[in-house]
Amino acid sequence: MKIIDAKVIVSCPGRNFVTLKIITDEGVHGIGDATLNGREMAVVAYLEDHVIPCLIGRDPQQIEDIWQYLYRGCYWRRGAVTMTAIAAVDVALWDIKGKLANMPLYQLLGGRSREGVMVYGHANGADIGETTEEVGRYLDMGYKAIRAQCGIPGLPSTYGVSGDKMFYEPANADLPEENVWSTEKYLNHVPKLFERLRDSYGFDVHLLHDCHHRLSPIEAGRLGKDLEPYRLFWLEDTVPAELQERFRLIRHHTTTPLAVGEVFNSIYDCHTLISEQLIDYIRSTIVHTGGISHVRRIAALAEIYNVRTGFHGATDLSPVSMGAALHFDTWVPNFGIQEYMRHTDATDEVFPSDYLFEDGYLKVGDAPGHGVDIDESLAAKYPYQRAYLPVNRLQDGTLFNW
Ligand SMILES: O=C(O)[C@@H](O)[C@@H](O)[C@H](O)[C@H](O)CO
Ligand SMILES: [Mg+2]
C-alpha cells in the first residue's frame, strides 16, 4: 500500500483552517489538522515544500517510521511549525489506519475507558454581572465545567472577553489588535468574580480560569491563594512557561490546581513540570505537539506522576483536531477534562463530524478513523484571510505577554 498524493487545503469559514489530506493507492484517505493560529501559511509551506515530497510512495501503515523520519530526519527538531506539520501527517495516518481496520480511533488506541468526555465551555462578560449570567447560561445548556473570564475595570479590553458570546474567536483579520494590561487591576478583580460565582451557583459546578501567561511566579502564587476559597478545577497558564522551574515557587504557595501547555510542542517542554508534579493538568494537544504518536508519550509520562490531561480545544483547533482529541480522551486512562469552544455552523458544514454534545459530555461516534472529514468544494468557497492574535501592552506602552 502506498501514499500516492497529499494536499493542503486552506479554508476560512469564519476563521482560517489548514487541513492535510493524504490519499492512498487503495482509495482510502485520511485528514489531519495543521492550523497554527496567526502563522497558518508557514505550516502550509513546510508541508507543501518539505514534507509532502517525502511522503509520496511510502506505506501509510508505517505511522511510527514516518513520524521518526519527519522528526529525526529533518535534523531541526521541535518548534511549533515543525510539530504542527508532523501532527497533521500523524493524525491523517491514524485516520487511514482506522479506516483500514474499520475501527474508530479509540479502539485502535486501546478501547473505551469512559462513556463520554467531560468538556468545559467558555463563559465571558464585560463585567462580573455579565459573566455570572453567562455561567448560568452554560449551566442551562448542561455544562458540568465552565471557564469564567471577565472584563477588568479600567482596562478597555481583556483577554477572553468578546462581543460574541457563543463563538468567541481569539484572532482578528488584517493586523494584530493591541490590548492594554495591568496585572494590579487584574489581581484585585478576579477573586471577586469567583466569590460571586460561588455565591450564585454553589460548589457543584467545576469552575476554571485562564491567566494567559501574564503573571510572575509570586503573583501566580498570590492569585492561587486568593482563589483557594472558591475551589477552582484549575488555574491555567499563570506564567510564561519557558522555564519549567518557575512552577516550583507557585506550587509552594498555593493548593489551587494548575494547568499549562497549550503553547508547548513536545515532551521536552513539560517533562520537569510532570516529573516534579508541579502541575495537575497538561494541556499540550495533538495538533501542536506532533500528533497522537507524540502526545500519547506525554500522557504516559503524566500518568506515572498522577498528572491528568486537559487538552486545548479553542476554535482555532479545527473539528479534525477535536475529533482526534475526543478519541484520545475516550481512551486515555489519566483523562482530566477537554476544552470545548463551539465552532460556527459554517465551520461545522465544511468539516462534517460525528461527535455530539450531551449533558456536559462530548461523545464520539463509531465511524472508522477519527470520524471527521472535509467538504472540499465547500471549503473552496472560503478563501484564506490573513489574521493575527492580538498583542498586549502595559499601560506605559511596554510590549507584554499575550
Ligand atoms: O485556553 C484557551 O483556549 C486560550 O488560551 C486560547 O483561546 C488561545 O488564546 C488560542 O487558542 C490561541 O490561538
Ligand atoms: Mg488558554
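As shown above, the structure is provided for reference.
Residues numbered from 1 in each chain as written. Chains lettered and ligands numbered in written order. Predicted model: local features only at pLDDT ≥ 70, side-chain atom pairs only at ≥ 80, totals over all residues. Heavy atoms only, no water.

Colleague: Explanation requested: the packing of helix α3 (residues 80-101) against helix α10 (residues 292-304) in the structure shown.
Modeller: Helix packing geometry: the angle between the two helix axes and the distance between the axes. The N-to-C vectors of α3 and α10 enclose an angle of 100°; their axes lie 8 Å apart at closest approach. The angle between α3 and α10 places the two elements in the roughly perpendicular class. Contacts between α3 and α10 involve Met-83, Asp-90, Val-91 and Trp-94 on the former and, on the latter, Ile-292, Ser-293, His-294 and Arg-296. Looking at the contact of α3 with α10 residue by residue, the class counts come to four nonpolar, two polar and two charged. (Axes fitted to C-alpha atoms, helices over the stretch in contact; angles between N-to-C directions. Helix = DSSP H or I, 4+ residues; strand = E, 2+ residues; numbered from the N terminus. Parallel < 35°, antiparallel > 145°, perpendicular 65-115°, else oblique. Contact = heavy atoms within 4.5 Å. Nonpolar A, V, L, I, M, F, W, Y, C, P; charged D, E, K, R; others polar.)

Colleague: Help me understand the pairing of strand β7 (residues 178-181), please; the structure alone is not making it clear to me.
Modeller: Successive side chains on a regular strand alternate, one facing one side of the sheet and the next facing the other. Only one face of β7 is buried: it carries Asn-179 and Trp-181, and the other face, with Glu-178 and Val-180, is open. Strand direction decides the pairing type here: β7 and strand β17 (residues 391-394), joined by four bridges, are parallel. Across the sheet, Val-180 pairs through a bridge with Arg-393, a residue of β17. (Buried < 20%, exposed > 50% of the residue type's maximum accessible area, 1.4 Å probe, protein only. Pairing = 2+ DSSP bridges.)

Colleague: Mind showing me how you'd approach the environment of Gly-397 here?
Modeller: Structurally, Gly-397 is set in the loop between β17 and β18 (399-400). In this structure Gly-397 comes out as partly exposed when scored by relative accessible area, which is 33%. A sequence separation of 204 residues divides Gly-397 from Leu-193, and the C-alpha atoms of the two residues are 27 Å apart.

Colleague: Looking at this model, I keep getting lost on the coordination of the magnesium ion (ligand 2). Mind explaining?
Modeller: Each pair of donors in an ideal four-coordinate tetrahedral metal site encloses 109.5 degrees, whereas pairs in an ideal six-coordinate octahedral site enclose 90 or 180 degrees. The magnesium ion (ligand 2) binds to the protein through Asp-210 (OD), Glu-236 (OE) and Glu-262 (OE); the donor distances cover 2.0 to 2.2 Å. Between consecutive donors of the magnesium ion (ligand 2), the numbers of intervening residues give the motif D-x25-E-x25-E. On the criterion of sequence distance, the pair formed by Glu-236 in strand β9 (residues 234-236) and Glu-262 in the loop between β10 (258-260) and α9 (271-275) is long-range, its members being 26 residues apart. In this structure Glu-236 comes out as buried when scored by relative accessible area, which is 0%. (Donors = N, O, S within 2.8 Å, 3.2 Å for Na, K, Ca; no water.)

Colleague: Please clarify how the sheet that holds β7 should be interpreted in this entry.
Modeller: One key point about sheets: their strands pair by backbone hydrogen bonds, in either a parallel or an antiparallel sense. The sheet built from three strands is open, its strands ordered β7-β17-β18 with mixed pairing. The sheet is open, and its two edges are formed by β7 and β18, each paired on a single side.

Colleague: Can you help me understand the sheet that holds strand β2 (residues 17-24) in this one?
Modeller: Reading across the sheet, the three strands line up as β1-β2-β3 and stay open at both edges, with antiparallel pairing between neighbours. At either margin of the open sheet sits one strand with a lone partner, and together these are β1 (3-11) and β3 (29-33). When strand polarity is set aside, the average angle formed by the axes of neighbouring strands in this sheet is 20°. Contacting β1 and β2, helix α1 (residues 40-55) crosses the sheet at an angle of about 175° to β1. Lying on the sheet, α3 is in contact with β1, β2 and β3; it crosses β3 at an angle near 145°.

Colleague: I'm lost on the pattern of salt bridges in this one. Help?
Modeller: Side-chain pairs of opposite charge can arise where the charged atoms are in close proximity. Applying the stated criterion across every chain, the model contains 17 salt bridges. Salt-bridge contacts for Arg-137 lead to Glu-134; the nearest nitrogen and oxygen are separated by 3.0 Å. Here Glu-134 and Arg-137 lie together in helix α5 (residues 128-140), a separation of three residues that amounts to about one turn. Ionic pairing is found between Arg-393 and Glu-178, a salt bridge with its closest N-O pair at 2.7 Å. (Salt bridge = Lys/Arg side-chain N within 4 Å of Asp/Glu carboxyl O.)

Colleague: Teacher, can you tell me more about the packing of aromatic side chains here?
Modeller: Each pair of aromatic rings is reported with the distance of its centres and the angle of its planes. This structure, assessed with the given rule, holds 13 aromatic pairs. Each ring, one from Phe-328 and one from Trp-331, has its centre 5.2 Å from the other, and the planes form 90°; the classification is edge-to-face. You can see Phe-328 and its partner Trp-331 sitting in helix α11 (residues 319-331), three residues apart, about one turn around the helix. Its relative accessible area of 17% is what places Trp-331 among the buried residues. The ring of Phe-17 carries the charged tip of Arg-15 above its face, separated from the ring centre by 5.6 Å. The residue whose ring lies beneath Arg-342 is Phe-357, and the NZ or CZ to ring-centre distance is 4.8 Å. (Phe/Tyr/Trp six-rings, centres within 6.5 Å; stacked < 30°, edge-to-face > 60°. Lys NZ or Arg CZ within 6 Å of the ring centre and 35° of its normal.)

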